[in-house]
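As a plain string of letters, each chain reads:
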Amino acid sequence: MSGFARELRVLRRMTVAEIVQQSIYRGAWVIYMAANICVPIISLLIWRTAIASGAQLPIDERYVTTYFVLLSLVTMATSSWMAGFLAADIRLGKLSSWMVRPASLLLGFVANNLSEKFLKLFALVPMVGILWWIFRDSMNIPAGPGHWAVFVVSLVLGAILVFTIDLLIGSLAFWMDDVAALAQARLIIASVLSGAVVPLALMPDWSRGFIDHQPFRFTVSFPVEIVAGSLTGSELVTGLAIQFGYVLGFGVLARLVWSAGIRSYSAVGA
Amino acid sequence: MSGQRRYAGDRAPLDRNWLAKQRRHLRLWRRFFVQALVRETHYRAHLVTTLLVGVVQLGLGIVPILLLFGYTDEVHGWSQAEVIALAGMFQIVTGLMATFVAPNMNRMTTYLTEGELDGVLLRPVSSQFYLTLRRINVAELSNVAGGLVVLVIGLVRSDAGPSLVHIGQALVLVACGIVLLSSVWSALSFLAFWLQSVDSIGVIYLNMVEAGRYPLAFFPVAVRSFLTFAFPVAFASTYPVQALSGDVGWLPVVGGLALTAVAVTLVRMMWRRGLRTYASASS
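With an unreviewed UniProt entry as reference, chain B is termed ABC-2 type transport system permease protein, source organism Kribbella capetownensis.

In the annotation of an unreviewed UniProt entry, the entry for chain A reads ABC-2 type transport system permease protein, and the organism field reads Kribbella capetownensis.

Shown next, in the form of structure tokens:
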């Protein structure tokens, strides 16, 4: 257990150092987040127009509005961008110097992920707040802190899930020369299946069974649904259970792939 | 020229007149294009990946449209086929921008903060022309072809039979749209003179331009005027498609030309202002 406590201490130090380092680019974070919120706003306006002009959607205006207002926040909070960097560290041998250190290379990526999200939060929350205020009359606000607590739990689980999938793709660099195409494919597939482009509730009926149970739903759509939608108590519990299952499953898989990779690693540049 | 001191002795000016200067730049641009073409043949895999990514993006752009029209037959007078034609038109415009403009805009920070502009200023060429159009990514032209296919499919399915006049109107509008969007992107990139780094601003442009995937009529009125006058993506997709289906008057065409003239003048002025603040980075 003391090993775990030490890892946590190292992680805290590294995160603080990263925050200091990244806050140099605070202006850029604000602009990146302004860019991040553009497409959800466009989608929001389009679907509201569709509803206003009489389209018979399976979801109402309040759901659509809440969904797209929260979308940019959730996609940001659950995002991961490590695959390319991890692959480069493995390929170019930077991993070697980390193998003699008393902490994992992955800890550095966790610190980077946490610190950038921390700074992005400062930029994004005011923008989402303004958007929320503009559309305050058609927002679904769940009653009581219970829903919000579940939302936060599922947000954290979603972030771990995306990070694990990303780690899995990056780890393939132990055996493959170039994982950039795979990482790109993951982003493209995820943008549709996670609900980042269109709410999954609008997907056609024949795809229901698949759409509701595939892992990407639990990276973005599910946390948003907790706030925006009308998930029943049992749907909520089942959803959280499936989400936790995916986190566990992908976690074990990533762990296996990573240690297999470390064993087959031949230390380029050492 | 006559009042200026000359250090290299008397020499005829490079161009006889304004027209000759434009022609020289056109010749230069043709050279850039040929060079890019030759370069592209060295990286054939690049062409394939660019094409694949483009096709997937086009498909992804159509997904919301297909879903939307699964729930209704028309939205504010636009049918599914017309909106698909619009998606094709948008792909053509973004493809052309990605070919001829984007590779340059993405380098603007490097040009202005690492002093590469120094080398350009010494050359007998308009520096703004050079920085805006020097680099060409030929592979992206494949996406223009893809967009053309989607446009034709959309037009055929919506039973549009554009006359020559309508096609002419559409071409003028698309040209205006491309120049207008390039002007906006240039203006954003030229902020590098004052802000040092504009990489993140390019990302804003690329996200905002996504609004062009949908007809102008799909947006609230205030947003419509923003997308017509401030961030004029309407000229790149909505108006040309309306022209092809025969229901755009001459007003948007004339307005587009006027707006383009204003935008180009403003960007030119901004470039001159910026150049005066440029203090070189390497010398």
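Read on for the rest.
Next up on the list: the overall build of chain A. Looking only at helices and strands, chain A features 11 helices and zero strands. For chain A, the N- to C-terminal ordering of α and β elements is α-α-α-α-α-α-α-α-α-α-α. With the principal axes as the frame, chain A shows a C-alpha extent of 65 × 40 × 35 Å. Out of the 270 residues belonging to chain A, those deemed buried represent 50%. When contacts within chain A are restricted to residue pairs at least 6 apart in sequence, those whose partners lie at least 24 apart make up 79%. Just so you have it, chain A exposes about 12,900 Å², and 69% of that area is on carbon and sulfur atoms.

Our next topic: the overall build of chain B. Scanning chain B from terminus to terminus reveals 14 helices and two strands. The C-alpha radius of gyration of chain B comes to 21 Å, within 12% of the 19 Å expected for a compact globule of 283 residues. For chain B, the C-alpha atoms occupy an extent of roughly 70 × 45 × 35 Å along the three principal directions. In chain B, which comprises 283 residues, the proportion classed as buried is 48%.

On to the pattern of salt bridges, then. All names here are of chain A. Summed over the entire model, instances satisfying the criterion amount to eight salt bridges over all chains. Put simply, Arg48 and Glu61 hold a salt bridge, and the shortest N to O gap is 3.3 Å. Pair noted here: Arg48 is in helix α2 (residues 26-52) and Glu61 is in helix α3 (residues 61-77), with a separation of 13 residues, a long-range link. Relative accessible area serves as the criterion here: at 33%, Glu61 is assigned to the partly exposed category. When the shortest N-O distance is used, the salt bridge between Glu225 and Arg217 registers 2.7 Å. When sorted by exposure, Glu225 lands in the same class as Arg217, which is buried.

Judged by nonpolar contacts, the single largest core of 156 residues is most densely connected at Trp47, Leu86 and Trp258 of chain A together with Leu131, Leu181 and Phe218 of chain B. The contact partners of Leu131 of chain B, leaving out residues within four places of it in the chain, are Asn104, Met108, Tyr111, Leu112, Leu117, Val120 and Trp271 of chain B.

Our next topic: the interface of chain B and chain A. Between chain B and chain A, the contact holds 25 residues from the first and 27 residues from the second. Carbon and sulfur atoms make up 81% of the surface buried where chain B meets chain A, a total of about 2,200 Å² over both sides. Inspection of the region where chain B meets chain A yields zero salt bridges. The interface formed by chain B and chain A holds three residue pairs in polar contact (both at pLDDT 80 or more) in total. Contributing elements (two or more residues each) for the side of chain B that touches chain A: α2 (44-68), β1 (74-75) and α11 (199-208) of chain B. Sort the elements by how many residues they give to the side of chain B that touches chain A and α11 of chain B lands first, with seven residues. Here the residues of the side of chain B that touches chain A are counted per class, giving 18 nonpolar, four polar and three charged.

It is worth spelling out the UniProt feature "transmembrane region" (unreviewed entry) in chain A at this point. Residues and elements named next belong to chain A. UniProt annotation of "transmembrane region" (unreviewed entry) refers to residues 29-47, 67-88, 118-135, 147-175, 181-203 and 240-258 when read in the numbering used here. Between the C-alpha atoms that bound residues 67-88 there is a distance of 36 Å. The span itself is 77% helix and 0% strand. Across residues 118-135 one finds 94% helix and 0% strand; the C-alpha atoms that close the span lie 26 Å apart.

Our focus in this paragraph is the environment of Glu210 of chain B. Residue position: Glu210 of chain B is located in the loop between α11 and α12 (221-230). A relative accessible area of 24% places Glu210 of chain B in the partly exposed class. Separated by 120 residues in the primary sequence, Glu210 of chain B and Phe90 of chain B place their C-alpha atoms 9.0 Å from one another. Setting aside chain neighbours within four positions, we find Glu210 of chain B in contact with Val39 and Ile42 of chain A together with Phe90 of chain B.

This next bit is on a positive patch on the surface. Residues and elements named next belong to chain B. Together, Arg16, Arg23, Arg27, Arg30 and Arg31 make up a region of like positive charge exposed at the surface. Within the element layout of this structure, Arg23 appears in helix α1 (residues 18-40). Judged by relative accessible area, which is 47%, Arg23 ranks as partly exposed.

For the structure on display, the rule yields 24 aromatic pairs over all chains. Relative to Tyr67 of chain A, the ring of Tyr63 of chain A lies with its centre 6.0 Å away and its plane at 20°, an arrangement referred to as stacked. In this pair, Tyr63 of chain A and Tyr67 of chain A both sit in helix α3, four residues apart, roughly one turn of the helix. Relative accessible area serves as the criterion here: at 10%, Tyr63 of chain A is assigned to the buried category. On the numbers, 5.3 Å between centres and 50° between planes, the contact of Phe218 of chain A with Phe222 of chain A is tilted. The exposure class of Phe222 of chain A is buried, given its relative accessible area of 0%. Among the aromatic residues, those joined into a cluster by ring pairs are Phe190, Phe193, Trp194, Trp271 and Tyr278 of chain B. Across from the ring centre of Trp133 of chain A, 4.3 Å away, lies the NZ or CZ of Arg136 of chain A, which sits over that ring.

Residues and elements named next belong to chain B. Here Gly274 shows up in helix α14 (residues 251-277). The class for Gly274 is buried, based on a relative accessible area of 0%. Between the C-alpha atom of Gly274 and that of Phe190, which follows or precedes it by 84 residues, the distance is 7.2 Å. Among all residues touching Gly274, those that are not within four sequence positions of it are Phe193 and Trp194.

What counts as what
Residues numbered from 1 in each chain as written. Chains lettered and ligands numbered in written order. Predicted model: local features only at pLDDT ≥ 70, side-chain atom pairs only at ≥ 80, totals over all residues. Heavy atoms only, no water. Helix = DSSP H or I, 4+ residues; strand = E, 2+ residues; numbered from the N terminus. Buried < 20%, exposed > 50% of the residue type's maximum accessible area, 1.4 Å probe, protein only. Contact = heavy atoms within 4.5 Å. Areas by Shrake-Rupley, 256 points an atom, 1.4 Å probe, with all protein chains shown as cover. Rg over C-alpha atoms; globule rule 2.2 N^0.38 Å. Salt bridge = Lys/Arg side-chain N within 4 Å of Asp/Glu carboxyl O. Core = buried A, V, L, I, M, F, W, Y, C linked by side-chain atoms within 4.5 Å. Buried area = accessible area lost by both parts, 1.4 Å probe. Polar contact = N/O pair within 3.5 Å; in protein donor to acceptor, adjacent residues only side chain to side chain. Nonpolar A, V, L, I, M, F, W, Y, C, P; charged D, E, K, R; others polar. UniProt positions renumbered as here; feature names shortened; annotations may be inferred. Patch = residues over 30% accessible without salt bridge, like charges linked within 9 Å, V, L, I, M, F, W, Y side chains within 5 Å. Lys, Arg positive; Asp, Glu negative; His and termini not counted. Charge placed at Lys NZ, Arg CZ, Asp CG, Glu CD. Phe/Tyr/Trp six-rings, centres within 6.5 Å; stacked < 30°, edge-to-face > 60°. Lys NZ or Arg CZ within 6 Å of the ring centre and 35° of its normal.

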